Amino acid sequence: MDKVKIKLEYPLRYAALNALWNSISSSFGLCEWFADAISVENDRYVFSWNGHEQAALLIYSKPNERIRFQWEEDAGTEYFFELQITMIELTGDVVLVVTDFTEPAEKDDTIMLWNRNIEQLKQRLRL
């Protein structure tokens, strides 16, 4: 079955760019809001939640802008998940844009999961 693309925007107002980038691109930062534990070897990240592991490959990274991963199970497809930092020029506000692909029946659960994770990220960044 084909997955559906979801794109979510989270205003983070005055988030410090370096702190936000470290939170979405380093294993230490990701462990504070995205996963319980992460091991990294080259471009392979193994994320752990409650003893369950899932591996992803880092397929693109541009510092202070975006990072894109692809779950190993999605290898050879166009499916990925990406965290992109954008700034609203007029206000200087920071927005985190999350792009992900999910099974149609799991769309609402996936959105809820991202919402919960981003709330944890905001708390970590003290926003």
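See the structure shown above.
Described below are features of the structure shown in this document.

What counts, and where the lines are drawn
Residues numbered from 1 in each chain as written. Predicted model: local features only at pLDDT ≥ 70, side-chain atom pairs only at ≥ 80, totals over all residues. Heavy atoms only, no water. Helix = DSSP H or I, 4+ residues; strand = E, 2+ residues; numbered from the N terminus. Buried < 20%, exposed > 50% of the residue type's maximum accessible area, 1.4 Å probe, protein only. Phe/Tyr/Trp six-rings, centres within 6.5 Å; stacked < 30°, edge-to-face > 60°. Salt bridge = Lys/Arg side-chain N within 4 Å of Asp/Glu carboxyl O.

What follows concerns the environment of L30. Mapping L30 onto the fold places it in helix α2 (residues 27–31). Using a relative accessible area of 2% as the deciding quantity, one classes L30 as buried. A C-alpha to C-alpha distance of 9.2 Å links L30 and F47, two positions 17 residues apart in sequence.

Under the criterion given, the structure shown has 17 aromatic pairs. Ring centres 5.8 Å apart and planes at 85 degrees place the aromatic pair F47 and F69 in the edge-to-face group. Here F47, found in strand β3 (residues 44–49), pairs with F69, found in strand β5 (residues 66–71); they are 22 residues apart in sequence, far enough to count as distant. Considered together, F47 and F69 belong to a single accessibility category, that of buried residues. Each ring, one from Y79 and one from F101, has its centre 5.2 Å from the other, and the planes form 45 degrees; the classification is tilted.

Attention now goes to the pattern of salt bridges. One pass over the structure, following the stated rule, counts 8 salt bridges. When the shortest N-O distance is used, the salt bridge between R66 and E65 registers 3.6 Å. In this structure, E82 and R66 form a salt bridge, with 3.4 Å as the shortest nitrogen-oxygen distance. On the criterion of sequence distance, the pair formed by E82 in strand β6 (residues 81–87) and R66 in strand β5 is long-range, its members being 16 residues apart. In this structure, E82 and R66 share a single accessibility class: buried. Members of the salt-bridge network, linked through shared partners, are K62, E65, R66, R68 and E82.

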